[in-house]
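Take a look at the letters that make up each chain.
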Amino acid sequence: MTSNFPKTSAKTENSEKAGNAQSAENTADTNSEVDNRVHRFISNDLTLRAAVVNSTAVVREMQVLQKTYPLPTVAVGRCMTGALLMAAQLKNGQSVGVHMRGNGALGTIYAEAHFEGDVRGFTHSPQYQPPNYNEGLSLHKAVGNGTLTVSRQQPFQKQPHYGTVDLVNGEVGDDIAHYLNQSHQIRSLVALGVSLSQSGSVEAAGGLLLEVMPGVEDEIVDLVMKNRNESRVDISQMIKEGFSPQQILEPLLKGIPFSSLDHPFTVRYSCPCDKERVLRAIEILGVKDLTEMVDDGEPVPVVCQMCGKPYDVTVSDMKDIRDRLHRNSLN
Ligand SMILES: [Zn+2]
């Protein structure tokens, strides 16, 4: 019980190049027929649990809102999908944040998802382009070395619970598997995929999380590993081809009876921003800049970077913040 399953989905994810869109016309309608829920499953002996999601709609929405280029789209989309899968294994009202911080050009990527299916994602470099697209959409170089922090928030709990691990390769799936192993002693298979059309728009996105509960007998683990070597884990391609969540999971659990669990929440892109948060963010400008803006006498339009919602910060708002900052600096 010391290691994760072998490499999860690096092979297939790296093959998801921009321009890998041969069968787009045949499958364009597929996603509208699939219900956008995180589907949960459990083996009948309760030793394995799984979650599978078609996240195409929410990753697409994120791309439209933030105008992300191919590589940032894949990075944020995988983080959103991973957060959705982990959140679905928690309880009502709980949420998961996935925060990747690398020293590469893509910098920071953030996503958060709720048990009830609300999800959002963000990168500081939405229009980043790698020097060479011919190498495929590998996140490894763009993210660089760094850490993955996963936060878990419960209702009425002041501080979230944080767990931080070093990045394995920055491709997100392996990094989340490493986190689950280090922080929760859970071995897992995490496959996350975002596939793009030739023009760079999201064609399909989805993921699978298969977790082995601590104390599972070796025979079960061996069987899953054998199945894994004989199965496809190119999730976004399978979604494009019309595979259902159950059909995606079945080959991995061949020989292991399992059932689906009720999880009736539709996945949707949702941002809990409000004016109060926007005003708090403006404090960072400091007294000097705020004074200049007050003197200019013009309201400042501010747009939430995660959802595009516009806010008008009035001169009186800026004056209030400036005065409060000034008072606090005197204390
Ligand atoms: Zn927002």
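What you see is a predicted model; the values in this text were computed from it and never measured. (Residues numbered from 1 in each chain as written. Predicted model: local features only at pLDDT ≥ 70, side-chain atom pairs only at ≥ 80, totals over all residues.)

Engineer: Mind laying out the overall build of the protein, listing which residues take part and the relevant values?
Structural biologist: Each helix and strand counted, the protein has 13 helices and 13 strands in total. Across the 331 residues in the protein, those meeting the buried criterion constitute 39%. By sequence separation, contacts in the protein at least 24 residues apart represent 72% of the contacts at least 6 residues apart. (Helix = DSSP H or I, 4+ residues; strand = E, 2+ residues; numbered from the N terminus. Buried ≥ 20, exposed ≤ 12 C-beta atoms within 10 Å, placed from the backbone. Contact = placed C-beta atoms within 7 Å.)

Engineer: Any chance you could break down the sheet that holds strand β3 (residues 95-102) for me, citing the residues and the numbers?
Structural biologist: One open sheet holds the six strands; their spatial order is β7-β6-β3-β4-β5-β11, and the pairing between them is mixed. Bordering the open sheet on either side are β7 (161-166) and β11 (268-269), each of which pairs with just one other strand. In the sheet, β3 pairs with strand β4 (residues 108-114) via seven bridges, with the strands oriented antiparallel. By the bridge assignment, Gly 97 is partnered in β4 with Glu 112. Contacts from helix α7 (residues 173-184) reach β6 (146-153) and β7 within the one sheet, and its direction differs from that of β7 by about 120 degrees. (Pairing = 2+ DSSP bridges. Axes fitted to C-alpha atoms, helices over the stretch in contact; angles between N-to-C directions.)

Engineer: Quick rundown of the confidence of the model for the protein? Include the residues and the values.
Structural biologist: Residue-level pLDDT values for the protein average 88, and 89% of them are 70 or greater. Confidence drops under a pLDDT of 50 for residues 1-33, and excluding neighbours within four residues, the segment shows 65 contacts in the predicted structure. (pLDDT = per-residue confidence, 0-100.)

Engineer: Mind laying out the environment of Ala 87, listing which residues take part and the relevant values?
Structural biologist: Tracing the chain through its elements places Ala 87 in helix α5 (residues 70-88). Look at Ala 87 and you get buried, because 27 C-beta atoms sit within 10 Å. Sequence separation between Ala 87 and Ala 51 is 36 residues, and the spatial gap between their C-alpha atoms is 9.9 Å. In this structure, Ala 87 is in contact with Gln 94, Ser 95, Val 96, Ala 113, His 114 and Phe 115, ignoring residues within four places of it in sequence.

Engineer: Please set out helix α13 (residues 315-330) residue by residue, giving values where relevant.
Structural biologist: Helix length check: α13, at 16 residues, gives a terminal C-alpha distance of 23 Å against a target of 22 Å (1.5 Å per residue), a fit within 8%. Here α13 has its buried residues at Met 318, Ile 321 and Arg 322. For α13, the angular spread of the buried residues around the axis is 100 degrees, confining them to a single face. Exposed residues lying more than 90 degrees from the buried face of α13 are Ser 316, Arg 324, Arg 327 and Leu 330. (Expected span 1.5 Å × (residues − 1). Arc of directions from axis to C-beta.)

Engineer: Which residues make up the sheet that holds strand β2 (residues 48-54), and what values go with them?
Structural biologist: Read from one edge of the open sheet, five strands run β8-β9-β2-β1-β10, paired in antiparallel fashion. A strand with exactly one partner marks an edge of an open sheet, and here the two such strands are β8 (187-196) and β10 (258-261). Pairs of neighbouring strands in the sheet enclose a mean axial angle of 15 degrees, with direction left out of account. Pairing analysis gives 10 bridges linking β8 to strand β9 (residues 202-212), with the strands arranged antiparallel.

Engineer: So, the environment of Phe 156: which residues are in play, and what are the values?
Structural biologist: Tracing the backbone shows Phe 156 in the loop between β6 and β7. Each C-alpha atom of the pair Phe 156 and Gln 94 lies 10.0 Å from the other, and the pair is 62 residues apart in sequence.

Engineer: Could you give an account of the packing of helix α4 (residues 56-66) against α5, with specific residues and numbers?
Structural biologist: Packing of α4 against α5 leaves a shortest axis separation of 10 Å and a crossing angle of 140 degrees. Taken as axis vectors, α4 and α5 run oblique relative to one another. α5 is crossed by α4, and the crossing has right-handed handedness. On α5, the residues touching Val 58, Val 59, Met 62 and Gln 63 of α4 are Thr 73, Val 76, Gly 77 and Met 80. In the contact of α4 with α5, the residues fall into five nonpolar, three polar and no charged. (Parallel < 35°, antiparallel > 145°, perpendicular 65-115°, else oblique. Left-handed = near helix turned anticlockwise from the far one by under 90°. Nonpolar A, V, L, I, M, F, W, Y, C, P; charged D, E, K, R; others polar.)

Engineer: For unusual backbone geometry, give the residues involved together with the corresponding values.
Structural biologist: Despite not being glycine, Leu 46 shows a phi value in the positive range, around 65 degrees. Looking at the secondary structure, you find Leu 46 in the loop between β1 (38-43) and β2. Even without glycine at this site, Val 172 takes up a positive phi of about 80 degrees. Structurally, the position occupied by Val 172 is in the loop between β7 and α7.

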